[in-house]
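# Observations on chain architecture
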Amino acid sequence: MFMYLSKIKEKLSTTPSKEGENEPRNDFDLLVKVMKVVQKDESNFSVRIKDISKDSWNLTLNFLRYQILKEGDIIRIRSASWDKNAASKNLILPPHGNIMKFMNEAKIVTDMQ
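What counts as what
Residues numbered from 1 in each chain as written. Predicted model: local features only at pLDDT ≥ 70, side-chain atom pairs only at ≥ 80, totals over all residues. Heavy atoms only, no water. Core = buried A, V, L, I, M, F, W, Y, C linked by side-chain atoms within 4.5 Å. Buried < 20%, exposed > 50% of the residue type's maximum accessible area, 1.4 Å probe, protein only. Helix = DSSP H or I, 4+ residues; strand = E, 2+ residues; numbered from the N terminus. Contact = heavy atoms within 4.5 Å. Salt bridge = Lys/Arg side-chain N within 4 Å of Asp/Glu carboxyl O. Phe/Tyr/Trp six-rings, centres within 6.5 Å; stacked < 30°, edge-to-face > 60°. Lys NZ or Arg CZ within 6 Å of the ring centre and 35° of its normal.

With 19 residues, the main nonpolar core has Leu61, Leu69, Ile77, Leu91 and Ile99 as its most contacted residues. Listing elements by their share of this core, those giving two or more residues are β1 (28–39), β2 (44–50), β3 (56–62) and β4 (74–82). Setting aside chain neighbours within four positions, we find Leu69 in contact with Val37, Phe45, Val47, Leu61, Ile75 and Ile99. Judged by nonpolar contacts, the second largest core, of five residues, contains Ile74, Phe102, Val109 and Met112.

Below you can see the structure in the form of structure tokens.
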């Protein structure tokens, strides 16, 4: 269900598009741990995330919508995509994307820590 971030670029070029679409899929789901949260300005903050393969990535989010995130949280990100304009490892969360935070008692949290 979830892929390592390092393997996603390979998969995106081979993932077939839905019927009626001319472009291949560019979004994916992630299961990651929040490593660092840095406030950029009044409305945005940057999150450093790490997946199971220990690859680290940056994700910029809207503070008003996702202010519940803190360091050490295990989250599921739906419909993330690559920031093709950035030179470093940056991800984008489109408006239809979603973040789900797992409770500390969840089995998936104990497995990821």
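Evaluated as defined, the whole model comprises four salt bridges. In this structure, Asp73 engages Lys101 in a salt bridge whose closest nitrogen and oxygen atoms are separated by 3.5 Å. Of this pair, Asp73 sits in the loop between β3 and β4 while Lys101 sits in strand β6 (residues 98–101), and the two are 28 residues apart along the sequence. Within this structure, Lys70, Asp73 and Lys101 form a network of salt bridges that share partners.

What follows covers the environment of Gly72. Among the structural elements, Gly72 can be located in the loop between β3 and β4. Between the alpha carbons of Gly72 and Lys36 there is a distance of 8.0 Å; along the sequence they are 36 residues apart. Not counting residues up to four positions away in its chain, the partners in contact with Gly72 are Lys33, Val34 and Gln113.

If you walk through the whole model with that rule in mind, you get three aromatic pairs. Taking the centre distance of 6.0 Å and the plane angle of 85° together, the rings of Phe45 and Phe63 count as edge-to-face. With a gap of 18 residues between them, Phe45 in strand β2 and Phe63 in the loop between β3 and β4 connect regions that are remote in the sequence. A connected cluster of aromatic rings, assembled from ring pairs, spans Phe28, Trp57 and Trp82. The ring of Trp57 has Lys89 lying over it, and the distance from NZ or CZ to the ring centre is 4.9 Å.

That is the geometry; function is a separate question.
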